[in-house]
Amino acid sequence: SSSSGDEALKDKRARILSRGLPKQKPIEGVKQVVVVASGKGGVGKSTTAVNIALALAANDSAKEVGLLDADIYGPSIPKMMNLKGNPELTPKNLMRPLKNYGIACMSMGFLIEETAPVVWRGLMVMSAVEKLLRQVDWGQLDYLVIDMPPGTGDVQLSVSQNIPIAGAVIVSTPQDVALLDAHKGAEMFRKVHVPVLGLVQNMSVFQCPKCKHETHIFGTDGVKDLAKTLGLDILGDVPLHVNIRETCDSGQPVVISQPQSDA
């Protein structure tokens, strides 16, 4: 009958589709993976990822935390975490992460010269991401924080489809242009069945150090409005503060160097 023929066709399509998607395989030794993402570049995603990793470790000294820089074209974790050098190899030919402030870190920046551009096509980038995910000896980690590249492209899809992710954190400024891309980022994670833990509103307000007058350089409450639209939580509201920028640029992130400060 035509109905049984339709069912057979549906089954065949489902089998073909399931073969096309990679099987999610956990990273050995890693319990929970949290990705920090943004639709747009320049919104402070890497700064947020670094300080989240340090805060997770600071809140519970019994927890082991790692930080993976998946931004192949613009790796910034080495500078922010004050790390240089090439990873050693284990007898099993796995790379050993470099460590600072108790955080195990891996980045493309450890494998190339600091000023060398990565002029690669997509397939080479995907191969590099696969190596950073699978060919690193993380030991035993409670949390691995992944600093994703901006956007909703190959790297984001590959990471989301290849490993189980506990949740995604989306970083945005309150600016309309950034919010459009943040919305796309949140929807992308929903499509690939990654829970979005919430949004971080970064560079929300600037306070003049002399007169204390507050200026909303990038607009007011844009991320809070987006969170309402998407039905998500606001996880943090971070001001535009010179200390946050200076400490990350000097390789001493604010969570570790100024833990009692407002910033």
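This text goes with the structure placed above it.
Read on for a plain summary of the structure. These numbers were taken from a predicted model, which means no experiment stands behind them.

Further remarks concern the sheet that holds strand β1 (residues 30-37). Judged by pairing direction, the sheet is mixed, and its eight strands sit side by side in the order β3-β4-β2-β5-β1-β6-β7-β10 without closing on themselves. The sheet is open, and its two borders are formed by β3 (98-100) and β10 (234-237), each paired with just one other strand. The mean angle between the axes of side-by-side strands here comes to 25°, regardless of whether they run parallel or antiparallel. The sheet strands contacting helix α6 (residues 176-191) are β1, β6 (167-172) and β7 (196-201), and the helix crosses β6 at an angle near 170°.

What follows concerns the side chain of Thr 48. With respect to the element layout, Thr 48 can be found in helix α2 (residues 45-59). The buried category is assigned to Thr 48, whose relative accessible area is 12%.

Turning next to the pairing of β1. Each regular strand carries side chains that alternate between the two faces of the sheet. Across the eight residues of β1, six count as buried, placing the element largely inside the fold. Pairing between β1 and strand β5 (residues 141-147): six bridges, direction parallel. Residue pairing for β5: Val 36 is matched across the bridge by Asp 147. Note: β1 against β6, four bridges, orientation parallel. Across the sheet, residue Val 36 finds its bridge partner in β6, namely Val 169.

Right, let's talk about unusual backbone geometry for a bit. What is expected of a backbone is that most residues other than glycine have negative phi and most peptide bonds are trans. Despite not being glycine, Tyr 101 shows a phi value in the positive range, around 55°. Within the secondary structure layout, Tyr 101 lies in the loop between β3 and β4 (103-107). Residue Tyr 101 is classed as partly exposed on the basis of its relative accessible area of 26%. The phi dihedral of Lys 212 is positive, around 70°, even though this residue is not glycine.

Reading the values: rules and limits
- Residues numbered from 1 in each chain as written.
- Predicted model: local features only at pLDDT ≥ 70, side-chain atom pairs only at ≥ 80, totals over all residues.
- Heavy atoms only, no water.
- Pairing = 2+ DSSP bridges.
- Helix = DSSP H or I, 4+ residues; strand = E, 2+ residues; numbered from the N terminus.
- Axes fitted to C-alpha atoms, helices over the stretch in contact; angles between N-to-C directions.
- Contact = heavy atoms within 4.5 Å.
- Buried < 20%, exposed > 50% of the residue type's maximum accessible area, 1.4 Å probe, protein only.

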